[in-house]
Amino acid sequence: MRATGTLVRGVVLAVICCTLHGLGDAGAQTLGLPEVTVTAPPITPSWKKWNPYSANTRVEEDKWPEIPCSGSRISSGAATGCRTGPLLGHEGFGLPAGSLGIDPSNCWMAHDLVATTVGNLAIEADAIVVDPYFVSAIGSQHKGCYVQSHYSDLREDFPDMNQMTRKGSGWRNYVEGGDLSTMEFSVGSSDCRAIEKRGPTWRGGHVYVIHASVCRKDGHAIEAADIDLALGSLQVRQYEARGNLRAPPQ
């Protein structure tokens, strides 16, 4: 009887071991790590966003030709480089009532860029500028010709504004008030601000709109005085010399 009991216990243990082994194989098959693919969210192409202008407004420094800063519509006394983008205009869509008979091509807007350093601040700024009194061979610009702002969400646009902001991270604290909008970000250890500065009002918009990125190079936090200094260092020239029959102001 003792031998029979020992034999029975051996058979039972063997069956249990085989069952556990089979379960182990099944577990290995069902608990294996799945394949994971991580894809960064794409930046919405500019052509998919509504754009009131007749050309691409995205700043692409590598595609914009260099120009003398003396001929740039935005510059600074300490400028280290200036570039120009394509002339902008309106397609005619959404022009004010009564403007349907005008030639929408009779609206020229410059889009220029300046890079500069002011003290501990590194600055890159572009401006869309219209000459309110521009006169071409076909006459004065139509009343729908002005620089527009707030046609998109700056919180989405700031990170893709220029080369400096495209290196940024930690976007935070969007603030808007009056003619100024700002948002904080970081480039490495540098504290930075993205800025939209809206110029004088003109008809349904502005004479110019500046987009600028400002970073402190000494590791300190940017203060309100730094933003004032950065914007104060920039000079916007309203007069459009190309194709203008009106003489420059004296």
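Residues numbered from 1 in each chain as written. Predicted model: local features only at pLDDT ≥ 70, side-chain atom pairs only at ≥ 80, totals over all residues. Heavy atoms only, no water.

(A) Geometry of the nonpolar core. Residues Met 109, Ala 125 and Ile 210 are the most contacted members of the largest nonpolar core, which totals 32 residues. Within the residue set of this core, elements represented by two or more residues are strand S3 (109–118), strand S4 (121–130), strand S12 (208–216) and helix H4 (224–232). By residue number, the principal contributor to this core is S4, which donates seven residues. Core analysis: the next-biggest nonpolar cluster, separate from the first, contains ten residues, Leu 154, Met 161, Met 164 and Cys 215 among them. (Core = buried A, V, L, I, M, F, W, Y, C linked by side-chain atoms within 4.5 Å. Buried < 20%, exposed > 50% of the residue type's maximum accessible area, 1.4 Å probe, protein only. Helix = DSSP H or I, 4+ residues; strand = E, 2+ residues; numbered from the N terminus.)

(B) Here's a closer look at the pattern of salt bridges. Applying the stated criterion to the full structure yields 18 salt bridges. Measuring nitrogen to oxygen at the nearest pair gives 2.9 Å for the salt bridge that ties Arg 242 to Glu 240. The partly exposed category is assigned to Arg 242, whose relative accessible area is 37%. Counted as one network, the salt bridges with shared partners bring together Arg 58, Glu 60, Glu 61, Lys 63, Asp 160 and Arg 166. (Salt bridge = Lys/Arg side-chain N within 4 Å of Asp/Glu carboxyl O.)

(C) Representation of the environment of Arg 246 within the structure. By secondary structure assignment, the location of Arg 246 is in the segment after strand S13 (234–236). Accessibility expressed as a relative area gives 26% for Arg 246, which makes it partly exposed. It is 6.7 Å that separates the C-alpha atoms of Arg 246 and Phe 134, two residues lying 112 residues apart in sequence. With near-sequence residues (within four places) excluded, Arg 246 lies in contact with Asp 131, Tyr 133, Phe 134, Val 135 and Tyr 239. Within polar-contact distance, the side chain of Arg 246 engages the backbone oxygen of Tyr 133 at 2.8 Å. (Contact = heavy atoms within 4.5 Å. Polar contact = N/O pair within 3.5 Å; in protein donor to acceptor, adjacent residues only side chain to side chain.)

(D) Layout of the side chain of His 111. By the element assignment, His 111 lies in strand S3. Judged by its relative accessible area of 2%, His 111 is buried. A distance of 2.8 Å separates a polar atom in the side chain of His 111 from a polar atom in the side chain of Asp 126. In contact with His 111, other than residues within four places in its own chain, are Thr 57, Val 59, Trp 64, Thr 84, Gly 85, Pro 86, Leu 88, Asp 126, Ala 127 and Ile 128.

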